[in-house]
Amino acid sequence: MAAAQHYLIVVHTYRVQNQESVTIRVISARRATRHEITQYEQGEYMRNEYDFSNAERGKFHHPEAQYNMPLYLEEEVLRYFTAQAESKGVDLNTLINDLLKKDIDLIEGVK
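Let me sum up the structure you'll find in this document. Computed from a predicted structure; not experimentally measured.

Enumeration according to the criterion identifies one aromatic pair in this entry. Residues Tyr80 and Phe81 carry aromatic rings whose centres are separated by 5.1 Å and whose planes lie at 80 degrees to one another, so their mutual orientation is edge-to-face. In this structure Tyr80 comes out as partly exposed when scored by relative accessible area, which is 48%. Phe81 gets classed as partly exposed once you look at its relative accessible area, which sits at 22%.

With that settled, consider helix H3 (residues 92-110). The terminal C-alpha atoms of H3 lie 28 Å apart, and with 19 residues this matches the ideal 27 Å at 1.5 Å per residue to within 8%. For H3, the capping residue at the N-terminal end is Asp91, with a side-chain oxygen 3.1 Å from the backbone nitrogen of Asn93.

Moving on: the packing of helix H2 (residues 75-88) against H3. Interhelical geometry of H2 versus H3 gives an angle of 105 degrees and a closest axis separation of 9 Å. If you check the angle between H2 and H3, you find them roughly perpendicular. Contacts between H2 and H3 involve Leu78, Phe81, Thr82, Gln84, Ala85 and Lys88 on the former and, on the latter, Leu92, Leu95, Ile96 and Leu99.

Quick look at a nonpolar patch on the surface now. Together, Tyr67, Met69 and Leu71 give the surface a local cluster of nonpolar side chains, amounting to about 380 Å² of exposed area. Residue classification places Tyr67 among the partly exposed positions, given a relative accessible area of 43%.

Attention now moves to the environment of Ala85. When you line up the elements, Ala85 lands in helix H2. It is 6.2 Å that separates the C-alpha atoms of Ala85 and Leu95, two residues lying 10 residues apart in sequence. The contact partners of Ala85, leaving out residues within four places of it in the chain, are Val90, Asp91, Leu92 and Leu95.

The rules behind these values
Residues numbered from 1 in each chain as written. Predicted model: local features only at pLDDT ≥ 70, side-chain atom pairs only at ≥ 80, totals over all residues. Heavy atoms only, no water. Phe/Tyr/Trp six-rings, centres within 6.5 Å; stacked < 30°, edge-to-face > 60°. Buried < 20%, exposed > 50% of the residue type's maximum accessible area, 1.4 Å probe, protein only. Helix = DSSP H or I, 4+ residues; strand = E, 2+ residues; numbered from the N terminus. Expected span 1.5 Å × (residues − 1). Polar contact = N/O pair within 3.5 Å; in protein donor to acceptor, adjacent residues only side chain to side chain. Axes fitted to C-alpha atoms, helices over the stretch in contact; angles between N-to-C directions. Parallel < 35°, antiparallel > 145°, perpendicular 65-115°, else oblique. Contact = heavy atoms within 4.5 Å. Patch = residues over 30% accessible without salt bridge, like charges linked within 9 Å, V, L, I, M, F, W, Y side chains within 5 Å. Areas by Shrake-Rupley, 256 points an atom, 1.4 Å probe, with all protein chains shown as cover. Salt bridge = Lys/Arg side-chain N within 4 Å of Asp/Glu carboxyl O.

What follows is the structure, encoded as structure tokens:
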């Protein structure tokens, strides 16, 4: 039988920037360190029970929130475009979005 995998989960948060834009930080996971596993096994990480009697259901749910899918660039691509963004004095996200918008225009123009 395979050994159990232990993960540390980071809960997402969000913040409303304005009526049209919402930023969401997505749940992420990573393998727990040996120290974190030991803490968990010794009962130092979580209580046996939590009192949710005063909890408010849906307190952090926002139906108008928009999820932005993370994209992962290959290392050489990231290095290239990071250097381009720095040389132009723009944010990397802005540069990539502008390039993709131009590609969309090209694709739509061929149709």
